[in-house]
2 protein chains.
Amino acid sequence: MADYKAPLQEIRFVMNDVFDAPSLWASMPRLAERVDPDTADAIIEEAGKVTTNVIAPLNREGDEQGCQWNDGKVTTPEGFREAYQTIVDGGWNGLGGNPDFGGMGMPKTLVVQFEEMLQASNMALGLAPMLTAGACLALDAHGSEELKEKYLPNLYSGVWSGSMDLTEPHCGTDLGIMRSRAVPREDGSYSLSGTKIFITWGEHDMAENIIHFVLAKLPDAPRGPKGISLFLVPKFLVNDDGSLGERNAFSCGSIEKKMGIKGSATCVMNFDGAQGWLVGEENKGLAAMFTMMNYERLGVGIQGLAAAEASLQSAREYAFERIQSRAPTGARNPEQAADPLVVHPDVRRMLLTMKAYVEGGRAFSTYVGQWLDIAKFSDEDADREQAEGLVALLTPVAKAFLTDRGFDMCVVGQQVFGGHGYIREWGQEQLVRDARITQIYEGANGIQALDLMGRKVVGSQGKLYELFADDLAAFIEKEQGNVALEPFLAPLAASLERLSDVTEQVLNQSKDDPNAPGAASADYTNLFGLTALAYMWAKMVVAAAPKAEGDSSGFYSGKLKTARFFYERLLPQTVSLAESIRSGSQSMMEHADNEF
Amino acid sequence: MADYKAPLQEIRFVMNDVFDAPSLWASMPRLAERVDPDTADAIIEEAGKVTTNVIAPLNREGDEQGCQWNDGKVTTPEGFREAYQTIVDGGWNGLGGNPDFGGMGMPKTLVVQFEEMLQASNMALGLAPMLTAGACLALDAHGSEELKEKYLPNLYSGVWSGSMDLTEPHCGTDLGIMRSRAVPREDGSYSLSGTKIFITWGEHDMAENIIHFVLAKLPDAPRGPKGISLFLVPKFLVNDDGSLGERNAFSCGSIEKKMGIKGSATCVMNFDGAQGWLVGEENKGLAAMFTMMNYERLGVGIQGLAAAEASLQSAREYAFERIQSRAPTGARNPEQAADPLVVHPDVRRMLLTMKAYVEGGRAFSTYVGQWLDIAKFSDEDADREQAEGLVALLTPVAKAFLTDRGFDMCVVGQQVFGGHGYIREWGQEQLVRDARITQIYEGANGIQALDLMGRKVVGSQGKLYELFADDLAAFIEKEQGNVALEPFLAPLAASLERLSDVTEQVLNQSKDDPNAPGAASADYTNLFGLTALAYMWAKMVVAAAPKAEGDSSGFYSGKLKTARFFYERLLPQTVSLAESIRSGSQSMMEHADNEF
């Protein structure tokens, strides 16, 4: 199998040429003082080295060995401890963190690039920094100064890792019915009891301490989601001088045997009067947890994209090396027994489909990163408000669309290998198994779709949608007359109009039909994602066209041709999706129980 | 997890009500004497018992244990030997076999139902009878009387098993470049040497002897696919009295570690001067092998369908049992903490999508079985010719479409379980891993698509396609005025027209563009499959409508509603597929190597 190599040229193209992130950073004072193009480029370069040389080589063996549980202790696969230490030494955990507490404060448009490389090189290991970064975000946003000072620096450094403890055996999506309890102690802390499941990296041997962020209910809490509070529960209690004290009263009861990400530990955590501290206000834990969740959701979308990038790299190499049958137009390698796979139209279709979604997905995650940066760093209230709205709208699309397509593309990359794709040693099937979880965790994709369609689009009466439509319409308007975009602007405008029409129809359907948003949601998310990727490909054409002429590397001209492939072969799916959505909810709601 | 239960009502509905197979059998003298409705029903009933009670319970543990290789010997998972013996004792191996040599000679319209149950209950174990039946078909069609008498009875009984040995490390699809050699011996037999890989059940401990059907080249063979011959190579030589003699000169060098079907052994076979006998004529082995392959291809399509049926059963049960959140229209179970998953529109969408493809797929495999029966048993030359043409056309659709959708539906079934779907003990993820191979082996689905589009449609200048279009057009014509079909006939006719238009366009494109068939092939297969399933759902409506009124079981009314779901939510994909195909090959052929 091909070893993963960080795609630095692709990443620099998107960050610098397509989104001109350096100008964005320079335009916002709080960022301008922190990051310049040279710093950013050095970070990208170093991230490429660490992920390519240190982390990626552990991926296969991590899958084979898996984590081992023994009497509450979890042993990670060979090399994981050392690689994690490399991440700590490089300060990668705190790349986007608050500089007041030891973070590097880098912009999201840069951080997403690192995240892609990390997750592509080793998703199982990559989950540890990802969860830690999410935990930091929640603590930074909602924790007391005391908690932040005590915990954030060691979390940003990665000397301690973070963990999210939400799910219970009987509740995943529906956290309102959780049973874990927190009882106040006299010293202002709380005693936590209950069982949490599916806790990623809830226990391991890579960090000195593990800080759990646990959702639980106070004794007098209201029923439902408004009665949930968030607690910080460290594995080892932390003394006032920062040294580690005694072991807290909780433990890892077992780890799951699962389909993939076997190098990571998915833990059952049993809390038995563990000492914890409230983060944020009582009964407002779900809002605090969502700060973390929203961060993770883009991160999980990037995991889907990243797995597909890794799969694409191997599939492309295999398609050029493996010889099998002759090109339809006659032998391309007459001196050899057969031609390389890549001469066959259907193999090219597979590679180009992967390329179109992966590169489009990379641009889309950077696009979301751009709005996250503006929301966080802009000094203009109106800009921040617009950006916050777009982030709210686009996050579920990034999570669901990038993971659905990411998984599908790993399946395609496996298919390119034929029978060898099914054999473990080639690595392609691991990517399929690993990528599969991204469609499920951090809110299953059905929940993302409902969040987009119900909460965001219908919930705002279309106002959040308009932010996206306006941004895309402004792009189309601005690029009128751009010759390179000539084949693309009309179908792009048609896609936008289709999406806007469907949006309005669902808004109308929803007035009389509470089931309308849910019935439309999955197809709508798909339609939205395709339209967004059409936008991204148009932006890539704008950036690539001036450099394509006279470029013998094929990099820029390849972008123009892949854009065409996306528009001709993939974008037409929007027509069918719109037609399906228009049919409304009846065909899925009219079945009685015994008619299933 | 829900245990698999053979869906006998569904199977009887398709076989008896939708296709009225008993009338078909009665209309053909050679079948009429062999099978009547009562016999057929008893076979279905017994197949249901064996697969539900004996074979399905071994499926999970077979995946966990896998096969073990030790010094050339393969040990099967616990219980597999006994279950295989149950299959032998029931005569299931020879259900469709030639009665002259001990087969039961049952029609394919019946055999496909058994195949579905077998593969749904345990795909790893089910591969053994499937490969044996395919081997028998090739031997029966091409072998000498002597070979047939010596080998067929023990293969039909299953006392011996069969194995297909095609692939080599450097050639899978492109068998023309194989290196295995067969040298004639003085006694008329041959000495075989070479290495074969991916040999399913090439070695195991369930049968007394394993009969390998091996492709190899004679010393003076022409280059390419026209220089391949087929040989029968038994693991133990068979004496003239039928007793087993010495071990033949080949062995299993190792078994693969693979993504799924872990209960089966995928073997590397090393032939070192092994004694074999020619099956059919010299250098015509590929044609003989294709007799086997075509049989297997429908069988593999059924595997995809079967895995999806198993996944659907569990997902449906889970969706009714697991409570999580409230229905959009208000609490359905106010006395409980939450409502069952099935109240949520998107969960219903998932279940109904599975149901629409699984039940449509079952009808489609029976439809192909119907043409196989006519091709084999009809006394009318014209009917046989029509049926043979349809079988040639529909086989790649059955293989590729049913496995692509079968896999996708296993993924959907896993998604219904949320996080639990990713955990091994729930069984849903195994179905995904198992089903994945069906898209790859027996000719990867890209090869199926090329066979359909290139060899069958373009190769016959559309004549084979016309057989299908005529059959569907005749149905539409005949059912004009059928009130139950009223909502369906117009979209069905539109789909047929769309498929016919696209077919003609690709025929035209292909005149100047050798890449056109390959470029269209995957989307075309998809479009064809959807149109065929629309036909199947219309046939199911015809059969169900008269029984739906006053039926309180929901079975028949559910069929009508699922048909609507298929037409409104799934069939629209055909619009996009047609648009993609129309764009031709350029967008995938214009990339230079360095533009990928």
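Here, every reference points to the structure presented above.
First, a word on what this report is: a plain description of the structure on this page. The model shown is predicted, which means the values in this text are computed figures rather than measured ones. Residue positions within a chain follow its written sequence, with the count starting from 1. Note on labels: chains are lettered from A, ligands numbered from 1, in written order. Confidence filtering applies because this is a predicted model: local features only for residues at pLDDT of at least 70, side-chain atom pairs given and counted only at 80 or more, and all residues used for totals across whole chains, interfaces and linings. Remark: hydrogens and water are excluded; side-chain values derive from all non-hydrogen atoms of the structure.

**Here's the deal with the packing of aromatic side chains**
Let me state the cut-off plainly: Aromatic rings from Phe, Tyr and Trp, taking only the six-membered ring of Trp, are treated as a pair when their centres fall within 6.5 Å; an angle between ring planes under 30 degrees marks them as stacked, one over 60 as edge-to-face, and anything in between as tilted. Counting from the N terminus, the helices are the DSSP runs of H or I reaching at least four residues and the strands are the DSSP runs of E reaching at least two. The classification of residues rests on relative accessible area computed with a 1.4 Å probe and restricted to protein chains. Under 20% of the type maximum is buried, over 50% is exposed, and intermediate values are partly exposed. Whether a charge sits over a ring depends on NZ of Lys or CZ of Arg being within 6 Å of the ring centre and within 35 degrees of the ring normal.
Overall, the coordinates contain 49 aromatic pairs over all chains when judged by the stated rule. Between Phe13(A) and Phe555(A), the ring centres sit 5.6 Å apart and the planes meet at 85 degrees, which makes this aromatic pair edge-to-face. Taken together, the residues Phe13(A) in helix α1 (residues 8-18) and Phe555(A) in helix α18 (residues 555-570) connect sequence positions 542 residues apart. Summarising the burial analysis for this pair, Phe13(A) and Phe555(A) share the class buried. Through successive ring pairs, a cluster of aromatic residues spans Phe19(A), Phe364(A), Tyr367(A), Trp371(A), Tyr465(A), Phe468(A), Phe475(A), Tyr524(A), Phe528(A) and Tyr535(A). A cation sits over an aromatic face here: Arg247(B) above Phe250(B), 5.8 Å from the ring centre.

**Details of the pairing of strand β5 (residues 190-200) of chain A**
All names here are of chain A. This is how it is decided: At least two bridges found by DSSP between two strands are what make those strands a pair.
Note: strand β4 (residues 181-184) against β5, four bridges, orientation antiparallel. Among the inter-strand pairings, Val-183 is bridged to a residue of β5, identified as Ser-191. Count of turn residues in the β4/β5 antiparallel hairpin: five residues, of which Gly-188 carries a positive phi of about 90 degrees. The sheet contact formed by β5 and strand β11 (residues 266-279) spans nine bridges and is antiparallel. Across the sheet, Tyr-190 pairs through a bridge with Gly-276, a residue of β11.

**Details of the pattern of salt bridges**
Heads up, the condition is: What makes a salt bridge here is a side-chain nitrogen of Lys or Arg within 4 Å of a carboxyl oxygen of Asp or Glu, nothing more.
Under the criterion given, the structure shown has 64 salt bridges over all chains. A salt bridge links Glu64(A) to Arg424(A); the nearest nitrogen and oxygen atoms lie 2.9 Å apart. Of this pair, Glu64(A) sits in helix α5 (residues 59-65) while Arg424(A) sits in the loop between α12 (381-416) and α13 (428-436), placing them 360 residues apart in sequence. Owing to a relative accessible area of 27%, Glu64(A) belongs among the partly exposed residues under this scheme. On the basis of relative accessible area, Arg424(A) is assigned to the buried category, the value being 16%. Here Arg564(B) makes a salt bridge to Glu568(B), at a shortest N to O gap of 3.0 Å. Remark: Glu568(B) and Arg564(B) occur in helix α18 (residues 555-570); sequence separation between them is four residues, near one turn of the helix. Taking the relative accessible area as the measure of exposure, Glu568(B) reaches 22% and is therefore partly exposed. Salt bridges sharing common partners tie together Arg60(A), Asp63(A), Glu64(A), Arg424(A), Glu429(A) and Arg433(A).

**Looking at the relation of the copies chain A and chain B**
To be explicit about the condition: Superposing the copies works by least squares over the C-alpha atoms of residues that have pLDDT at least 70 in both of them. Residue contacts are defined here by distance: any two heavy atoms, one from each residue, within 4.5 Å place the two residues in contact.
When chain A is fitted to chain B, the best match, at an RMSD of 0.0 Å, comes from turning it 180 degrees and sliding it 0.0 Å along the axis. The operation mapping one copy onto its partner corresponds to a two-fold rotation axis. Measuring from the rotation axis to each C-alpha of chain A, the shortest distance belongs to Ser576(A), at 2.8 Å. Here 100% of the contact residues of chain A are again contact residues in chain B; the copies associate through an equivalent surface.

**Points about the side chain of Thr52(B)**
All names here are of chain B. Heads up, the rule is: The definition of a polar contact used here is a pair of N or O atoms within 3.5 Å, where within protein one atom must be able to donate a hydrogen and the other to accept one, and adjacent residues in sequence count solely through side-chain atom pairs.
Relative to the assigned elements, Thr-52 resides in helix α4 (residues 37-55). At a separation of 2.7 Å, a polar atom in the side chain of Thr-52 contacts the main-chain carbonyl oxygen of Gly-48. Setting aside residues up to four positions removed in sequence, Thr-52 forms contacts with Tyr-4, Lys-5, Ala-6 and Pro-57.

**Notes on the environment of Gly301(A)**
Residues and elements named next belong to chain A. Looking at the secondary structure, you find Gly-301 in helix α10 (residues 285-321). Owing to a relative accessible area of 0%, Gly-301 belongs among the buried residues under this scheme. Remark: the alpha-carbon pair of Gly-301 and Phe-401, spanning 100 residues in sequence, is separated by 7.5 Å. In this structure Gly-301 touches Ala-398, Lys-399, Leu-402 and Thr-403, once residues within four positions along its chain are discounted.

Interpretation in functional terms is not warranted from these geometric data alone.
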